[in-house]
Amino acid sequence: MIPAAFEYHRPKDMEGVFAVLTQHGDEARVLAGGHSLIPMMKLRMADVPHLIDLQDVDGLGGITVDGDTVRIGAMVTQAEIIANEELFKVAPIMREASLQIADPQVRYMGTVGGNVANGDPGNDMPGLMQCLDASFTLVGPDGERTVAAREFYEAAYMTDRADDEVLTAVSFAAPSGGYAYEKQKRKIGDYATAAAAVLLTKDGGNCTAASIAMTNLSDTPIYSEAASAALTGTSLGEADIDTAVAAMLGDIDPMQDNRGPVEFKKHAAAVILRRAIARAWSRA
Ligand SMILES: Cc1cc2nc3c(=O)[nH]c(=O)nc-3n(C[C@H](O)[C@H](O)[C@H](O)COP(=O)(O)OP(=O)(O)OC[C@H]3O[C@@H](n4cnc5c(N)ncnc54)[C@H](O)[C@@H]3O)c2cc1C
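None of the values given here were measured: they were computed from a predicted structure.

Put simply, side chains in a regular strand alternate between the two faces of the sheet. Two strands pair when backbone bridges link them, and strand 6 (residues 135-140) and strand 7 (residues 143-148) are joined in this way by 6 bridges, in the antiparallel orientation. For Thr137, the partnering residue across the bridge sits in strand 7 and is Thr146. The hairpin turn running from strand 6 into strand 7, its antiparallel successor, is 2 residues long. Of the pairings in the sheet, the one linking strand 6 to strand 10 (residues 166-173) comprises 5 bridges and is antiparallel in character. Within strand 10, the position partnered with Thr137 by the bridge is Ala169.

Our focus in this paragraph is the domain arrangement of the protein. Size of an interface, as often reported, equals the accessible area lost when the parts are brought together. Looking at the protein, the domain boundaries give domain 1 (7-53), domain 2 (63-173) and domain 3 (180-283). For domain 1 and domain 3, the distance between their C-alpha centres works out to 35 Å.

Our focus in this paragraph is the site of the ligand. Close contacts around the ligand come from 30 residues, with Gly33, His35, Gly110, Gly113 and Gly114 the closest. For the shell around the ligand, the secondary structure elements donating two or more residues are strand 2 (28-31), helix 2 (37-42), helix 6 (104-109), helix 7 (112-117), helix 8 (124-131) and strand 10. Looking at which element gives the most residues to the shell around the ligand, the answer is helix 7, with 4 residues. The residue inventory of the shell around the ligand, partitioned by class, reads 16 nonpolar, 12 polar and 2 charged. Both of domain 1 (7-53) and domain 2 (63-173) provide at least three residues apiece to the shell around the ligand.

About the criteria used
- Residues numbered from 1 in each chain as written.
- Predicted model: local features only at pLDDT ≥ 70, side-chain atom pairs only at ≥ 80, totals over all residues.
- Pairing = 2+ DSSP bridges.
- Helix = DSSP H or I, 4+ residues; strand = E, 2+ residues; numbered from the N terminus.
- Domains from an automatic or database assignment.
- Near = placed C-beta within 6 Å.
- Nonpolar A, V, L, I, M, F, W, Y, C, P; charged D, E, K, R; others polar.

Spelled out as structure tokens, the structure:
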């Protein structure tokens, strides 16, 4: 399908972005990789009279690892994340998760900023960011603020971001221990039926810290504090994992859709989480 007519803006700096946002209010939206927004416009599910392309705006790219802190600019693509060796060394879960997003063509265009700002429950990065306890930097006409990924998502396509704010970067502390991003999908290139991001640290035979987040099993990503707590301080025996899975199932709220009925999604979520825990533990 063909989208409704729109005016295309390509500013060189944030002042230019805010000028269009201020002038046109909710008739204007920023465009990053365009691989969520343009399909929505073509399907006439989004009507955006003013598109502001972020491509030429300075300061939105780059992956930096400074000691323990990782910062990824909003316009960094999933392909760049996969290719970055320094990032892989300190946060290999980023590559593991990005490789499971869509297909190479989408990953060359899709950006981390677009993925987390969109608010689509099917996107993989929001749950991953919650697992990493990342924070998002938002810049608006009145200045800059940071929001925890675990506080950012309100409902499907609704986030804490104001209409005139641009997400400029995601940041997180480099995780230690074992990791896994596990995703069940109907076919290559599909969104998750269920996905789990897991980080575990081990001391001797005991789990000293756990972080678990689930994707596409509610209208927001779900950081399961209860499932994470259920593993912490245990030796990850069968009963401990059963408790964590039950806690996760208590936190998610999947809906029936073309990926299956609710009971099937809960079953898939449990299988996926068990696999992710096992892989993360084996790497811890
Ligand atoms: C066939 C197909 C399969 C896909 N499969 C998956 C998948 O399995 N997993 C997955 O996670 N994703 C998937 N995607 C989505 C893909 O990863 C998108 O590229 C991504 O979700 C959005 O990134 P983008 O840069 O394309 O954002 P855009 O489409 O440009 O923007 C998306 C939304 O975010 C807003 N936005 C963008 N950047 C910013 C910013 N910096 N600040 C504030 N708001 C911003 C835009 O205004 C828009 O509302 C798929 C896409 C396609 C086409």
